[in-house]
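Chain by chain, the residues:
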Amino acid sequence: MNRTKILKAVYIAVVFYVGAAGIYYFTDAFFIKRTPNDQCLWVEEQTDQGKRIVIREILEDGVSDRAGLKDGDILIAINDTLLRSVGHASQILNQAKPEDLLMYTVIRGNQTLRLPVHIVLTMNTLYFGFALLGFGFLLVGWMVGTARPGDRVPSLFFKMSMFGALVFILGGAAVGVNYNGSLFWVVNVVAGCILFPAMFIHFFLVFPSERLSPATRRWLIPSIYIFSFLNVVYFILSIIMKAQGPVLSIFIFFSMMGTGFGLFCRSYFKLKDPKQRKPLKSILIGTAVGFSGFLYLLIIPNFARAVFINYPEALTPVGIVALIPLSFGYSIFRYRTMDIDVIIKKSLVYAATTAGVAVVYLAILLVMGYAVQGMIGGGAQNPYLQFGVLLIAAFVFAPMKERIQAVVDKRFFRERYNYQKALLDFSQELPHLTQLDEILQKVIYTVTSTMHIESMAIALYADQAAKPSNYIQRGITDTQCDLECCAGGLIERLAQTKRPQLLDPVNLAELPVPDREKTTIGACKIVLAVPMTKQDSLIGVLLMGPKLSEKPFAQEDLDLLTTVAGQAGIAIENARLIKEELEKAKLENELNVARRIQQSLLPARSPEIPGLDIAGISLPALSVGGDYFDYIKLDDHRFMIAVGDVSGKGVSAALYMSKIQGMIQIASRLYKSPREILIEVNQWMYHGMERQSFVTMIVGVIDLKKRTMTICRAGHNPAIAMHEGMLKLIRCKGLGVGLVPGETFEKNLEEETTALDAGNTYIFYTDGVTEAMNERHDEFGEERLHELVQMKKDQTSGELLNAIVGEVNAFCSGVEQHDDITVVIVKVK
């Protein structure tokens, strides 16, 4: 059972509880314990001898008049019990039974008289007015609460109404009389007196719109309830101490109700549009007239107390207080305030129609059953045969019954039926749409055509983006409602609450969002915003204009739009993923083309030079890389090897690499030595590279005629030279290309020349070899590379190259390559 059904069951149980208690105490106080009345007025007057009770306003031909009491008699005792006050006298009087004879002891002039008074019992018409108010709250609260038990405003109205019923039905029994209730009565009345006035204010703080910020709500709402609690405590203490406090507490009670009504009036008169005022006007008028009943109650006892005592029927106008809950009921059912009109408009007729269909269906089954039995004969009294016939008849006529029931549902709940059908069609078509524009257009078409909305817009928001990444609208001509995602704005509020937000003038005026957003929303005539979410993240917002029927959005509308927004959010995310996959596939294809182009720029095979064994390879970490090597023939007896490493990797490094390659090719034709070539390349690259980028390079020139190898290193890894089995590192000084201007670069650049002896081996490599890491983040390192070179020194260049690459791959087994790897080996035969 879901939360809504549980709440509904609890609310119904509460209604039965309050209703049963109300009926019991109303019957007891109004019909059984009627009010004793001696048909005269008692007034406490102060004299030199102290307070005395004086009889006034004797009803002509009433029981006191017939007993011989006169205006001005001083009442000193009833049934020989000396009186302390009017309250004491009322206690004795209220204990009288019908036609009891009470002996009044009075002083008239210098005489003391004992006069018998026959007491009459009258109905408490004042209590009847309060009971009407309580039963009105009970009825309207039941309809509102059970219709939308999960919604905050209807739920608050339900609770307020139940406690109001306890106050006015149970507590009202003590109005004007001394009603001696049980402990059960006291507990319920006290609970109602504490919670009803606080909830009355609380309700009008959120209806017709939320008027409090979260920070204010956290302290104000509890403060209202605490204040109401303290007021009731003061009332109880005043009764115990026999002080004047009860009058003040009652005044505070009704003042809190007046405060709640004042908050409602403030919201009402802030509205300028008559269409927005219309649904609330009946509540305003009904509550105002209802409060006049309370004013009437205050005027009668103070200015015409005799009427209060001798003519109880004069208090009947107090019954207009019942207009307070009834005005809510009228507004709810007439104008769909709080959206529970379906209860009164459809439920009873639907239930009756459904019951009629069921009766007709059962009658058909019985008739068919007896007809089949009559044809078979002889087994009419066989219960198994009767059951079998009914089962067959039910099976045959079940499809017809379902079709009839569907017609009934469609007739009485056409709007809901249309919504369900539209939602089903939308759900079936949505998965086939993969283009974002198609999905947005489909959402707008479905919503506007199903709900008959004037205008609508959809705004999509990418992660951390202030402005919408996509925006589409229909019917909004003057401006765009592409609200920014900013602190304190509507979009941020929707992202936090993940609930639809009504934006009609009443709600918009009280909404804590920037004024510029209110202006935009008002200009675009947006009255509702529904968030689209994905895994608790906001991805977009549906912005709705008013309905063509001018009706407000009902809860069924919000349910449909929330479902549409949820499905649309999934479809939009799927479309984004499909687009990302297509873009990724396109990028991968372009990178593969770039890889092939880059590989074509590198040497396809090692050069064949007499007396030399050369091998080289470059393995990019990504599709394209920033490592570079090249073989360049300078003349018939000179040959150059160049190895470079651009900082970073990927596309940007590859672009710089291709640029370096071209510059090396040009510079090698203009200059003779490796140092001169690198100086010229640095001159060009320093002004053509971003400052955070640079290139390390090593260039070696082999002179076969002189039998020398001249090496120049610009910030690159040192070259490894093997001579007669001994390993040597060539560490000539140099800075990276593109780091510093020409003069500084030239001062710090050196070259070194070694003899090209038989058996020598030269190894040029990038830091992708020595900095390769395994799962433990250990680097391959120079030491491991040196040991491997010494161990494989007798192998050919190709074999040694394969050994180095294989050893690095084995070392990094299971770990993705994080840097480009380039190795060039020159072996002198």
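If you're wondering where the values come from, they're calculated on a predicted model, not measured in any experiment.

**Topic: the packing of aromatic side chains**
Taken as a whole, this structure holds 22 aromatic pairs when the rule is applied. Consider the rings of F26 and F135, whose centres lie 5.9 Å apart with planes at 90 degrees: the pair is edge-to-face. With F26 in helix 1 (residues 3-32) and F135 in helix 4 (residues 125-147), this pair connects stretches of sequence that are 109 residues apart. What links up through ring pairs into an aromatic cluster is the set F130, F137, F157, F168, F196, F200, F203, F204, F253, F254 and F264. The lysine or arginine in question, R784, covers the ring of F780, its NZ or CZ lying 5.6 Å from the ring centre.

**Considering unusual backbone geometry**
Even without glycine at this site, E57 takes up a positive phi of about 50 degrees. On the basis of relative accessible area, E57 is assigned to the partly exposed category, the value being 45%.

**Some thoughts on the sheet that holds strand 21 (residues 751-755)**
Taken together, 5 strands build an open sheet; the order of strands is 15-16-17-18-21 and the sheet is antiparallel. Looking at which strands have only one partner, the edges of the open sheet turn out to be strand 15 (627-633) and strand 21. When strand polarity is set aside, the average angle formed by the axes of neighbouring strands in this sheet is 15 degrees. Bridge analysis of strand 18 (residues 708-714) against strand 21 gives 5 bridges, and the strand direction is antiparallel. Among the inter-strand pairings, T708 is bridged to a residue of strand 21, identified as A755. Sheet contacts for helix 20 (residues 651-670): strand 15, strand 16 (638-646) and strand 17 (695-703); angle to strand 15, the most-contacted strand, approximately 20 degrees. Packing of helix 21 (residues 674-686) onto the sheet brings it into contact with strand 16, strand 17, strand 18 and strand 21, and relative to strand 18 it is tilted by some 25 degrees.

**A word on the pattern of salt bridges**
Taken as a whole, this structure holds 10 salt bridges when the rule is applied. When the shortest N-O distance is used, the salt bridge between R56 and E45 registers 2.9 Å. Residue R56 is located in strand 3 (residues 50-56), and its partner E45 is located in strand 2 (residues 41-47); the two are separated by 11 residues in the primary sequence. Across the salt bridge formed by K747 and E743, the nearest N and O atoms sit 3.5 Å from each other. Of this pair, K747 and E743 both sit in helix 22 (residues 742-747), 4 residues apart, which is roughly one turn of that helix. The network of salt bridges with common partners includes E45, R56 and D71.

**A short note on the packing of helix 1 against helix 5 (residues 152-170)**
Close contact between helix 1 and helix 5 brings their axes to 9 Å; oriented N to C, the two are set at 15 degrees. With respect to their mutual orientation, helix 1 and helix 5 come out roughly parallel. Between helix 1 and helix 5 the crossing geometry is left-handed. Residue-level contacts link Y11, V14, V15, V18, A21, G22, Y25 and F26 of helix 1 to S155, F158, K159, M162, A165, L166, I169 and L170 of helix 5.

Quick notes on the rules
Residues numbered from 1 in each chain as written. Predicted model: local features only at pLDDT ≥ 70, side-chain atom pairs only at ≥ 80, totals over all residues. Heavy atoms only, no water. Phe/Tyr/Trp six-rings, centres within 6.5 Å; stacked < 30°, edge-to-face > 60°. Helix = DSSP H or I, 4+ residues; strand = E, 2+ residues; numbered from the N terminus. Lys NZ or Arg CZ within 6 Å of the ring centre and 35° of its normal. Buried < 20%, exposed > 50% of the residue type's maximum accessible area, 1.4 Å probe, protein only. Pairing = 2+ DSSP bridges. Axes fitted to C-alpha atoms, helices over the stretch in contact; angles between N-to-C directions. Contact = heavy atoms within 4.5 Å. Salt bridge = Lys/Arg side-chain N within 4 Å of Asp/Glu carboxyl O. Parallel < 35°, antiparallel > 145°, perpendicular 65-115°, else oblique. Left-handed = near helix turned anticlockwise from the far one by under 90°.

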